[in-house]
Amino acid sequence: MRAIILAAGQGSRLLPLTADRPKCLIDFNGRSLLDWQLDMLARNGVDEALVVTGFREDQIEAAIAKRDGRPRVTTLYNPFYKVADNLGTLWMAREWLDGDVLTLNGDTLVSQALVGRVVNSGLDEIAVTVDRKDAYDADDMKVVRADDGRLLAIGKRLEAGVNAESIGLIAYRGKGAARFRREIERVMRTAEGTNVWYLRVVHALAQRERVETLDISGEDWGEVDFPDDVERARALTASWT
């Protein structure tokens with residue numbers, strides 16, 4: 001299995017911390033967020049990763065060059081990161097959407113056990129990793145899932161029936177990556193293509209054909225999006241050290 005990490009954005013909601021540093025390079029207990037991601041992937045047998053860069057790509061390149069080589073990392077610069085949403089970032093990486101592959105947001109910390117559950121889940125084609133909690137806020141990527149695990153809807157503006165949230169990690173197996181790539185290419189040819197979040201593409205697929213969800217409730221993970229998230233992420237990674 002390979003992985004694609006979407007790390008093109010600056011993380012403007014974390015300013016001034018990200019004024020001259022991409023948020024994937026914020027330090028958490030001696031390792032950057034990106035290092036934590038790559039290490040957890042490597043520990044679960046993911047041997048190859050593509051990091052899509054944008055803001056201060058030179059710093060990301062330098063950080064990757066200091067690693068020990070596991071997993072093998074390729075970088076791809078997205079020159080449109082300032083004017084396109086993350087569907088454009090995945091469109092840049094579309095050639096990697098083939099066979100068994102993971103996509104991971106560049107601001108999501110995931111534990112070794114969590115990645116292991118995703119890699120070994122055995123779910124077919126497309127599986128959106130989700131967590132559950134008592135209530136969901138406006139910034140959560142909310143999910144409606146059926147009792148059998150099928151994804152019914154995904155989006156930040158959902159209200160009725162919300163029973164999970166996406167954590168920013170999706171696994172594609174078999175024909176799933178090719179299905180997703182074809183839909184990306186279709187949407188990017190529309191007038192609004194560069195302004196679309198890639199999970200809208202997943203939502204559209206789920207309206208026509210089966211998309212799975214994988215519930216990882218109880219596993220450690222955290223999104224680093226706002227200043228308050230930074231201290232929580234430091235506490236989380238301290239437990240992994």
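Structure: see above.
Residues numbered from 1 in each chain as written. Predicted model: local features only at pLDDT ≥ 70, side-chain atom pairs only at ≥ 80, totals over all residues. Heavy atoms only, no water.

A few words on the pairing of strand β4 (residues 48-53). β4 sits mainly inside the fold: five of its six residues count as buried. Where strand β1 (residues 2-7) and β4 come together, six bridges link them in parallel fashion. Note that in β4 the partner of Ile5 across the bridge is Val51. Bridging between β4 and strand β5 (residues 72-77) involves six bridges; their strand directions are parallel. (Buried < 20%, exposed > 50% of the residue type's maximum accessible area, 1.4 Å probe, protein only. Helix = DSSP H or I, 4+ residues; strand = E, 2+ residues; numbered from the N terminus. Pairing = 2+ DSSP bridges.)

This paragraph deals with the packing of aromatic side chains. Geometrically, a pair of aromatic rings is defined through the distance of the ring centres and the angle of the planes. Tallied over the full model, the rule gives three aromatic pairs. Ring centres of Trp36 and Trp240 lie 5.6 Å apart, and the angle between their planes is 70°; on these two criteria the pair is classed as edge-to-face. Remark: Trp240 occurs in the segment after α7 (227-238) and Trp36 occurs in helix α1 (residues 33-43); sequence separation between them is 204 residues. Each member of the pair, Trp36 as well as Trp240, carries the same accessibility label: buried. On the basis of an interplanar angle of 70° and a centroid distance of 6.5 Å, the ring pair of Phe180 and Tyr198 is categorised as edge-to-face. Taken together, the positions of Phe180 in helix α5 (residues 176-188) and Tyr198 in helix α6 (residues 198-208) put the pair 18 residues apart, joining distant regions of the chain. According to the relative accessible area criterion, Tyr198 is buried, its value standing at 1%. One aromatic cluster is present, built from ring pairs that chain together Tyr172, Phe180 and Tyr198. Lying across the ring of Trp96, Arg2 places its NZ or CZ 4.4 Å from the centre. (Phe/Tyr/Trp six-rings, centres within 6.5 Å; stacked < 30°, edge-to-face > 60°. Lys NZ or Arg CZ within 6 Å of the ring centre and 35° of its normal.)

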